[in-house]
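Examination of the molecular architecture
Read off the chains here:
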Amino acid sequence: MQTYAVIDFETTGLSPNFDRAIEVGLVLVRNHEIVETYSELMDPGFAIPSHITSLTGISTSMVRGKPKPEKVMPHLREIVGSYPCVAHNASFDRGFLAAEMRRAGIPCQPEFVCSMLLARRLVQDCASHKLGMLVQHLGLATPAGMRAHRALADCLMTVELWRCLMERVESQLPGYVPDPGFITKLSRTPKAKVDAFLSRAAAQVCS
DNA sequence: TGCCAGGCCCTCTTTAGGGCCTT
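Focus: the protein's contact with DNA strand B
Neighbouring DNA strand B are 27 residues, the closest being Phe18, Asn89, Arg121, His129 and Leu131. A distance of 3.4 Å separates a phosphate oxygen of DNA strand B from a polar side-chain atom of Ser128. The separation between a phosphate oxygen of DNA strand B and a polar main-chain atom of His129 is 2.4 Å.

Below, the structure is given as structure tokens:
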């Protein structure tokens, strides 16, 4: 994973079939450095529920006149390219990306890896694995002047979290650059067996 | 009007149920 895209959607709710994306954030990371950032508000075509405005700060008036999600997806597809995507609770963002790309008529099914699943394995001493709680627990930097639950702010926090998680993996596998397949396997390894999994991987690296 | 999700994990489980996490 020399290059990967961290992606985050703010939406009108939890269901990709009934709800729509109202903001997307994307950070492209290459060789541990941020090389591109992108965020865009989108008009879902209906009023944003009040509880979503309370959570995100994004109101109906803020998205009025903004492009529809299907107008934003082509540019998003262009940036993501064929890079693997990182997201916190990736099944959620993967579902909305797939739904909005489908509405836009664009084939786009990038590989996803999940920072939440990985954090559950590698940060087992944190009581909660919400993004904000993990960032606080690990003492990671938060984007100055940016509100949490906005797409780009959450992307930047996920970048910090992901770097931290990768440092933990690489500290046990010196010289090894984790690929999405390896991360997926690690993310699906039972918590109690994570150390054994990494030990086996280290043995393979050294052999 | 009110409701609409889904993958993963844990346990009082596996012929299930409930919590976490995303918005």
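Right, picking up where we left off after that structure.
A word on the packing of aromatic side chains
Given two aromatic rings, their pairing is described by the distance between the two centres and the angle made by the two planes. All told, the structure shown has three aromatic pairs when counted by the stated rule. When the ring of Phe92 is compared with that of Phe96, the centres are 4.9 Å apart and the planes differ by 45 degrees; the resulting orientation is tilted. Placement of both Phe92 and Phe96 in helix H4 (residues 90–104) is noted, with a separation of four residues, approximately one turn of the helix. You can call Phe92 partly exposed: its relative accessible area is 22%.

Some words on helix H5 (residues 115–122)
In terms of burial, H5 is a largely internal element, six of the eight residues being buried. For H5, the complete set of buried residues consists of Ser115, Met116, Leu118, Ala119, Arg121 and Leu122.

Points about the pattern of salt bridges
Applying the stated rule across the entire model yields five salt bridges. Residue Glu70 is joined to Arg20 by a salt bridge in which the shortest nitrogen-to-oxygen separation is 2.9 Å. Of this pair, Glu70 sits in helix H3 (residues 69–80) while Arg20 is found in the loop between strand E1 (3–11) and strand E2 (21–30), placing the two residues 50 residues apart along the sequence. Residue class for Glu70 comes out partly exposed when judged on its relative accessible area of 31%. The class of Arg20 is buried, set by a relative accessible area of 14%. Glu100 serves as the salt-bridge partner of Arg103, at 3.4 Å between the closest nitrogen and oxygen. Of this pair, Arg103 and Glu100 both sit in helix H4, separated by three residues, roughly a single helical turn. One network of salt bridges, with partners in common, ties together Arg20, Glu70, Glu100 and Arg103.

Some thoughts on H3
The α-helix winds at 3.6 residues per turn, so residues separated by three or four positions along the chain end up facing the same way. The terminal C-alpha atoms of H3 lie 16 Å apart, and with 12 residues this matches the ideal 16 Å at 1.5 Å per residue to within 8%. Of the positions making up H3, those classed as buried are Pro69, Val72, Met73, Leu76, Ile79 and Val80. Across the axial projection of H3, the buried residues extend over an arc of 125 degrees, all falling on one side. Across from the buried face of H3, at angles greater than 90 degrees, the exposed residues are Lys71 and Glu78. Looking at the buried side of H3, the elements it contacts are E1, E2, strand E3 (33–41), strand E4 (85–87) and H4. Once H3 finishes, Gly81 follows within two positions and takes phi at roughly 55 degrees, a positive value.

Side note on the sheet that holds strand E5 (residues 112–114)
The strand order across the open sheet built from five strands is E3-E2-E1-E4-E5, with neighbouring strands paired in mixed fashion. Because the sheet does not close on itself, it has two edges, and the strands there are E3 and E5. On average, each strand axis in the sheet is tilted by 25 degrees relative to the strand beside it, whichever way the strands run. In this sheet, E3 lies alongside E2 in antiparallel orientation, the contact comprising eight bridges.

Structural notes on the packing of H3 against H4
H4 packs onto H3 with a crossing angle of 105 degrees between their chain directions and a minimal axis gap of 8 Å. Between H3 and H4, the angle is such that the two are roughly perpendicular. Contacts from Pro69, Glu70, Met73, Leu76 and Arg77 in H3 reach Leu97, Glu100, Met101 and Ala104 in H4. By residue class, the composition of the contact of H3 with H4 is six nonpolar, no polar and three charged.

What about the nonpolar core?
Core analysis: the largest hydrophobic core is formed by 37 residues, its most contacted members being Trp162, Leu165 and Phe182. Looking at this core, the elements with two or more residues in it are E1, E2, H5, helix H6 (131–137), helix H7 (151–172), helix H8 (180–187) and helix H9 (194–206). If one sorts the elements of this core by residue count, H7 sits on top with 11 residues. Setting aside chain neighbours within four positions, we find Leu165 in contact with Ser115, Leu118, Ala119, Leu122 and Val123. In this structure, Ile7, Leu28, Tyr38 and Met73 belong to the second largest nonpolar core, which totals 25 residues.

Calculation notes
- Residues numbered from 1 in each chain as written.
- Chains lettered and ligands numbered in written order.
- Predicted model: local features only at pLDDT ≥ 70, side-chain atom pairs only at ≥ 80, totals over all residues.
- Heavy atoms only, no water.
- Near = heavy atom within 4 Å.
- Polar contact = N/O pair within 3.5 Å; in protein donor to acceptor, adjacent residues only side chain to side chain.
- Phe/Tyr/Trp six-rings, centres within 6.5 Å; stacked < 30°, edge-to-face > 60°.
- Helix = DSSP H or I, 4+ residues; strand = E, 2+ residues; numbered from the N terminus.
- Buried < 20%, exposed > 50% of the residue type's maximum accessible area, 1.4 Å probe, protein only.
- Salt bridge = Lys/Arg side-chain N within 4 Å of Asp/Glu carboxyl O.
- Expected span 1.5 Å × (residues − 1).
- Arc of directions from axis to C-beta.
- Contact = heavy atoms within 4.5 Å.
- Pairing = 2+ DSSP bridges.
- Axes fitted to C-alpha atoms, helices over the stretch in contact; angles between N-to-C directions.
- Parallel < 35°, antiparallel > 145°, perpendicular 65-115°, else oblique.
- Nonpolar A, V, L, I, M, F, W, Y, C, P; charged D, E, K, R; others polar.
- Core = buried A, V, L, I, M, F, W, Y, C linked by side-chain atoms within 4.5 Å.

Keep in mind these values describe shape, not function.
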